[in-house]
Amino acid sequence: MNKTLFLSLIIGLTLIVCGSTYYFTKSSIVENSEHNFPISDNWKTPVTPIKPVKEPEKPKEIKGLTAKTYSEALTLSKENKKLALIIFTSKNCSACQAMKSTFEDPKVKELMDKYVVCFVDTNTMEGSKVARKYKINSIPAILIIDHREETIKFSQGRQNSSQFTNWLNSVNPDNFN
């Protein structure tokens, strides 16, 4: 029997007995799991295992106050003497999803930190009720309101980072009455 065939047979049987299934290729052994252990053509040369690919970092949350509901936003607005930034959105709205990159911009985040931020999903009962109250007929829509629910500023439609930054800069968030 040929030495190479014999060696391959022995290695194969050993791997099967150990409970792992391997596929042999010319330059590597690939295990049927999350790990890859490369080998070189020269068996005496050590090879470093392939490092797993890191998952991309999730965007950091807004440092300022974030409310889960509209009523919580009003309460936080009054308690902390901050204006509320109410963002009407929906999961199935492509323009709303595109604005996620706007909200992740560092300059925008810095400005949003000055407000109580609340994302209102218009597909929920509470969200649709709040949208009707402010006569929101298309999304994304963004409101800046005070704790008395009076509208300070309103915008409708998709905005890029610079447009949204300019829009936020046009309001003095420290002007809380």
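Residues numbered from 1 in each chain as written. Predicted model: local features only at pLDDT ≥ 70, side-chain atom pairs only at ≥ 80, totals over all residues. Heavy atoms only, no water.

A. Quick look at the nonpolar core. If you look at the biggest cluster of nonpolar residues, it comprises 18 residues, and the most contacted ones within it are Tyr70, Ile86, Phe88, Tyr134 and Ile145. Looking at this core, the elements with two or more residues in it are helix H2 (70-80), strand E5 (84-89), strand E6 (116-121), helix H6 (125-133) and strand E7 (141-145). Sorting elements by how many residues they give to this core places H2 first, with four residues. Not counting the four nearest positions on each side in its chain, Tyr70 is found in contact with Ile86, Cys118, Glu126, Val130, Lys133, Tyr134, Ile145 and Glu149. Membership of the second largest hydrophobic core comes to 16 residues, among which are Phe103, Val108, Leu111 and Leu168. (Core = buried A, V, L, I, M, F, W, Y, C linked by side-chain atoms within 4.5 Å. Buried < 20%, exposed > 50% of the residue type's maximum accessible area, 1.4 Å probe, protein only. Helix = DSSP H or I, 4+ residues; strand = E, 2+ residues; numbered from the N terminus. Contact = heavy atoms within 4.5 Å.)

B. Structural detail: the packing of aromatic side chains. On inspection of all chains with the given rule, the structure shows four aromatic pairs. With centroids separated by 5.3 Å and ring planes inclined at 80°, the aromatic side chains of Phe103 and Phe119 adopt a geometry described as edge-to-face. Remark: Phe119 occurs in strand E6 and Phe103 occurs in helix H4 (residues 100-104); sequence separation between them is 16 residues. For Phe119, a relative accessible area of 36% translates into the label partly exposed. Look at Phe164 and Trp167: their rings are 5.8 Å apart centre to centre, the planes differ by 15°, and that puts the pair in the stacked class. You can see Phe164 and its partner Trp167 sitting in helix H7 (residues 161-169), three residues apart, about one turn around the helix. (Phe/Tyr/Trp six-rings, centres within 6.5 Å; stacked < 30°, edge-to-face > 60°.)

C. Representation of the pattern of salt bridges. Inspection of the entire model under this criterion finds three salt bridges. With a shortest N-O distance of 2.2 Å, Glu149 and Lys133 are connected by a salt bridge. One end of the pair, Glu149, is in the loop between E7 and strand E8 (151-156); the other, Lys133, is in helix H6, with 16 residues separating them in the sequence. Overall, the relative accessible area of 27% leaves Glu149 in the partly exposed class. The network of salt bridges with shared partners includes Asp146, Arg148 and Glu150. (Salt bridge = Lys/Arg side-chain N within 4 Å of Asp/Glu carboxyl O.)

D. Fine view of the sheet that holds E7. Taken in spatial order, the five strands make up an open sheet running E4-E6-E5-E7-E8, and their pairing is mixed. What marks the edges here is a single partner per strand, and that holds for strand E4 (65-67) and E8. Taking the axes of each pair of neighbouring strands and ignoring which way they run, one obtains an average angle of 20° across the sheet. Relative to E7, E5 runs antiparallel, the two sharing five bridges. The residue bridging Ile86 from the neighbouring strand is Leu143, located in E7. Sheet strands in contact with H2 are E4, E5, E6 and E7, and its direction is about 150° off that of E4. Relative to E7, H7 is tilted by about 20°, and along the sheet it contacts E5, E7 and E8. (Pairing = 2+ DSSP bridges. Axes fitted to C-alpha atoms, helices over the stretch in contact; angles between N-to-C directions.)

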